[in-house]
Amino acid sequence: MSKFIPYPVFHDDVPVDISFVFESEKPAGKHGFLKVSGRQFVFEDGTPVKFWGTNFNGSGCFPEHDYARVLARRLAKMGINLVRLHQLDSQWHTPNIFSFTKGRRETGGRLDPRSMDRLDYMLKCMKDEGIYIYMDMFTYRHFRSDEGVENAAALDDAAKPYCNFSRKLIDLQKELATELWTHENPYTGLRYCDDPLIVLAEVVNESELFRTAKKPYIEPYRTEFMELFAAWLKEKGRTCDLETIDPGVSTDDALLDFKIDLQTAYYREIMDHLRSIGVKIPLSGTNWIAPPDNFKVQMVGDYLDTHHYFYDWGWSEFEKRCMNRSITQEKSFFLHRGCFQANADRPTYVSEWDVPWPNDYRADSVIYAAAYGMFQGWSGFAIHTYSYTTKLERMNMLGEEFSCQKIGNVPYRQGVFSAWNDPAKFGLFYHAALLTRRGDVKAGEDLRVIPIEDRRYWPTPLMIPANEHKVCVMSLDGSEGLQPLSYEDNGEYVTSDTGELYRNFTKHYGKVDTPRTKCAFGFLQKNGAVELSGMTVRCKTDFAVIAVSSLTDDAIDKADNLLLTAVGRAENTDARFRGDFLVDPGKPPILIECIETEIELKTEHPDLEVWAVSAEGFYIGTVPTRWEDGVMHITLGQTSQSMYYHIIKP
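Residues numbered from 1 in each chain as written. Predicted model: local features only at pLDDT ≥ 70, side-chain atom pairs only at ≥ 80, totals over all residues. Heavy atoms only, no water.

(A) Local environment of the overall build of the protein. In terms of regular secondary structure, the protein is built from nine helices and 35 strands. Against the compact-globule benchmark of 26 Å for 650 residues, the protein has a radius of gyration of 25 Å, which places it among compact chains. Across its three principal axes, the protein shows a C-alpha extent of roughly 80 × 55 × 55 Å. The burial tally for the protein puts 63% of its 650 residues in the buried class. Long-range pairs, those at least 24 residues apart, make up 73% of the contacts in the protein between residues at least 6 apart in sequence. For the protein, the computed accessible surface area is about 23400 Å², with 48% contributed by carbon and sulfur atoms. (Helix = DSSP H or I, 4+ residues; strand = E, 2+ residues; numbered from the N terminus. Rg over C-alpha atoms; globule rule 2.2 N^0.38 Å. Buried < 20%, exposed > 50% of the residue type's maximum accessible area, 1.4 Å probe, protein only. Contact = heavy atoms within 4.5 Å. Areas by Shrake-Rupley, 256 points an atom, 1.4 Å probe, with all protein chains shown as cover.)

The structure is reproduced here in structure tokens:
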């Protein structure tokens, strides 16, 4: 019978502080503007960088001044060094960049000075703590008739996909971009375009012309699209039956080629405009890259941005499907398709990812996702949502951030993706940040190419774990000099060719095994002794994540300061399910499953102590240990129960 213990999460602090590991990186921007060097990001002074981050969503981007300082410090303590500001222009929440409060009728796309004051001060706080900014521009703005936009009421978020080609909408986007990027922050004395604090930006969030569900049918934009298509056909000497073709779903080669040119022209126009007003940082088009034609369009940008999720859409206002599947139970890892959105000569950044609550097994995604990305040579991650609000002081349960059942007609914004108080996800950010930012996981050196055989579909290797074995990129032209991807599938497990990553999708467990960070995850109990180099885990709890990281520059066996985390399921008190559906989210406090395990850890220090750390950051007490022949034997779960354990020399 599993035992759960209370583990409350506090909006203004975290139990462990690892910011000292990265103290020399403060303030953000000290190395100059971010640049691209091959598949990697570097700063102007040549310093390489990887980002481990989170998204602020909606009104979460506009904290009050006092809370902004607390928030930046909390993130820094967890090792986070990037925040993506998402949905700044979403008018279903306040503050947003156009409006500070509800009630007054908004009259167009002018920046609200009260909202900008909060945003400005928050950026200053992040800068002080060494946390960089990814700036979203166009995400959910609702264009208005008093801006001269025709049929504005029929347009959806950001006017997708019409924003990609309509002249009026493009001009309005450029106006907003000018106002935003030339805005001077009084707390830093710098315009946004002149501040190296801001490192990345995309043109538009999740908007393209190839697979989007928002087809170009609304008038007068459908007519505008077809007129542009007709002019393109005449210019190119191509033919197409304009009377019968469906502009939204047709796979006619002429239409697809037109969409490539049209979308490329849109990105180039916005990017050229940004450069003309002084924006210096790497830019991307959008973050939906499938199918291959859209991938080709993204080559106009400086880097590739992607989004990846592992869940099943089953949410309504009153029901949430938990999709209780572990990444160890799936042959196809949810980040596999990231290789189909990577290229041999551009960085790849994952600006959204998640395995959301209430999946019981979401904990096994965090460290392995970070490790997989570093093996592939990607530049980092930002989990989808820290929170949708800054009103978190009374938010003491999972998945229920608001009093309402949905926000902006979307049920999951109630709190399904909010991760800031989730021990099973944010609780593992310490280790993910360390292995990402320090380079604990080696990048693979054997780069393989996935060739495209059909412009309309992804290649078949998507569903095999070959790209956990080799570093993989996608190519539209064969990528001269790269070997094609090949892999002999043994049907049971996959190991990276560096030997540091392992995932067994029949026995349902995995490992990350590096000198400074080690992790065993998944259904550990049934697998007996799980062996890593210098570490053995014998877990008595069926599902768990057991991670150890050195908090020094030394490898684990030489370090005298380490963090040990043991976590599995996390849920609210009295949560109830009906099959795959959450019936009742429960009530406070948040509970974590008490992980019972024996750990053997190789160390040259015979006098290390293992202290359990409470949710409040207190030492609870020591746990049983013994040192024998260079190995420390640690017993967790019998006494001083927690999820964090500080291993330190007295």
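(B) How the structure looks around the sheet that holds strand 26 (residues 570-573). Read from one edge to the other, the open sheet built from three strands follows the order 1-29-26, with strand pairing classed as antiparallel. The open sheet terminates on both sides in strands that have one partner only, identified here as strand 1 (4-6) and strand 26. Along the sheet, successive strands turn relative to each other by an average axial angle of 40°, direction set aside. Of the strand pairs in this sheet, strand 1 and strand 29 (residues 587-593) are connected by three bridges, and their pairing is antiparallel. Opposite isoleucine 5, over in strand 29, you have isoleucine 592 as the bridge partner. (Pairing = 2+ DSSP bridges. Axes fitted to C-alpha atoms, helices over the stretch in contact; angles between N-to-C directions.)

(C) Geometry of the packing of helix 4 (residues 221-236) against helix 5 (residues 253-276). Orientation of helix 4 relative to helix 5, taken along the N-to-C sense of each, is 105°, at an axis distance of 10 Å. Relative to helix 5, the element helix 4 lies roughly perpendicular. Across the interface between the two elements, Phe225, Leu228, Phe229, Trp232, Leu233 and Lys236 from helix 4 touch Ala254, Leu255, Asp257, Phe258, Lys259, Asp261 and Leu262 from helix 5. Of the residues in the contact of helix 4 with helix 5, the class split is nine nonpolar, no polar and four charged. (Parallel < 35°, antiparallel > 145°, perpendicular 65-115°, else oblique. Nonpolar A, V, L, I, M, F, W, Y, C, P; charged D, E, K, R; others polar.)

(D) Looking closely at the nonpolar core. Of all hydrophobic cores here, the largest spans 161 residues; its most connected members are Phe51, Trp52, Phe56, Leu85, Met126 and Trp181. Residue contributions to this core peak at nine residues, all from helix 7 (residues 366-375). Setting aside its immediate chain neighbours within four residues, phenylalanine 51 contacts Leu34, Phe41, Phe43, Asn81, Leu82, Tyr132, Val199, Tyr349, Ser379, Gly380, Phe381 and Thr436. Core analysis: the second largest hydrophobic core is formed by 29 residues, Val537, Ala544, Ala566 and Tyr645 among them. (Core = buried A, V, L, I, M, F, W, Y, C linked by side-chain atoms within 4.5 Å.)

(E) Just the environment of glutamate 25, in detail. Tracing the backbone shows glutamate 25 in the loop between strand 1 and strand 2 (34-37). A residue is classified by how much of its surface remains accessible, and glutamate 25, at 27% relative accessible area, is partly exposed. The spacing of glutamate 25 and threonine 94 is 69 residues in sequence and 33 Å in space, taken between C-alpha atoms. Residues within four places of glutamate 25 in sequence aside, it is in contact with Lys30, His31, Gly130 and Arg437. Side-chain polar atoms of glutamate 25 contact the side chain of histidine 31, separated by 3.2 Å. (Polar contact = N/O pair within 3.5 Å; in protein donor to acceptor, adjacent residues only side chain to side chain.)

(F) Broad picture of the sheet that holds strand 23 (residues 535-539). Taken in spatial order, the five strands of this open sheet run 22-23-30-34-33, and their pairing is antiparallel. Strand pairing shows two members of the sheet lacking a second neighbour, strand 22 (529-532) and strand 33 (625-628), which therefore form its edges. Averaged over all adjacent pairs, the angle separating strand axes in this sheet is 15°, with direction ignored. Both strand 33 and strand 34 (residues 631-636) contribute to a ladder of four bridges, which runs antiparallel.

(G) Quick peek at a negative patch on the surface. A cluster of acidic residues, Asp553, Asp554, Asp560, Asp607 and Glu609, forms a negative patch on the protein surface. Within the secondary structure layout, aspartate 560 lies in the loop between strand 24 (544-550) and strand 25 (561-567). (Patch = residues over 30% accessible without salt bridge, like charges linked within 9 Å, V, L, I, M, F, W, Y side chains within 5 Å. Salt bridge = Lys/Arg side-chain N within 4 Å of Asp/Glu carboxyl O. Lys, Arg positive; Asp, Glu negative; His and termini not counted. Charge placed at Lys NZ, Arg CZ, Asp CG, Glu CD.)

(H) Representation of helix 2 (residues 113-128). The end-to-end C-alpha distance of helix 2, which contains 16 residues, comes to 23 Å, matching closely the 22 Å that a straight helix rising 1.5 Å per residue would cover. Buried within helix 2 we find Ser115, Met116, Arg118, Leu119, Asp120, Tyr121, Met122, Leu123, Cys125, Met126 and Lys127. Its side-chain oxygen placed 2.8 Å from the backbone nitrogen of arginine 114, aspartate 112 serves as the N-cap of helix 2. Note on helix 2: the residue one or two positions beyond its end, glycine 130, has a positive phi of about 80°. (Expected span 1.5 Å × (residues − 1).)

(I) Looking closely at the pairing of strand 16 (residues 471-475). With five of its five residues buried, strand 16 lies for the most part within the structure. Residue alternation in strand 16 divides its side chains into two sets, Val471, Val473 and Ser475 and Cys472 and Met474, and both sets are buried. Here five bridges tie strand 15 (residues 447-451) to strand 16, and the two strands are oriented parallel to one another. Paired with arginine 448 across the strands is cysteine 472, a residue of strand 16.

(J) Just the pattern of salt bridges, in detail. One pass over the full model with this rule turns up 43 salt bridges. Aspartate 440 is paired through a salt bridge with arginine 516; the nearest N and O atoms lie 3.2 Å apart. Within this pair, whereas aspartate 440 is found in the loop between helix 8 (429-437) and strand 15, its partner arginine 516 is found in the loop between strand 20 (509-513) and strand 21 (517-522), the two being separated by 76 residues in sequence. Looking at aspartate 440, the relative accessible area reads 5%, which means it is buried.

(K) Here's a closer look at the packing of aromatic side chains. As enumerated under the stated definition, the model contains 41 aromatic pairs in all. With a centroid separation of 5.1 Å and 70° between ring planes, the pair formed by tryptophan 52 and phenylalanine 429 is classed as edge-to-face. On the criterion of sequence distance, the pair formed by tryptophan 52 in strand 4 (residues 51-57) and phenylalanine 429 in helix 8 is long-range, its members being 377 residues apart. There is no split in this pair, since tryptophan 52 and phenylalanine 429 are both buried. With a centroid separation of 4.9 Å and an interplanar angle of 20°, the aromatic rings of tryptophan 611 and tyrosine 619 are classed as stacked. (Phe/Tyr/Trp six-rings, centres within 6.5 Å; stacked < 30°, edge-to-face > 60°.)

(L) Representation of unusual backbone geometry in the model. A cis geometry characterises the amide bond from lysine 26 onward to proline 27, with omega recorded as -5°. With respect to the helices and strands, proline 27 occurs in the loop between strand 1 and strand 2. Geometrically, the link from proline 588 to proline 589 is a cis peptide bond, its omega value of 5° lying close to zero. Of note, proline 589 is situated in strand 29. In this model, alanine 158 sits at a positive phi of 60°, which is unusual for a non-glycine residue. Here alanine 158 lies in the loop between strand 6 (132-135) and helix 3 (167-181). Residue alanine 158 is classed as buried on the basis of its relative accessible area of 4%. With a phi angle near 65°, aspartate 574 is a residue other than glycine that sits in the positive phi range. You can see aspartate 574 is positioned in the loop between strand 26 and strand 27 (576-578).

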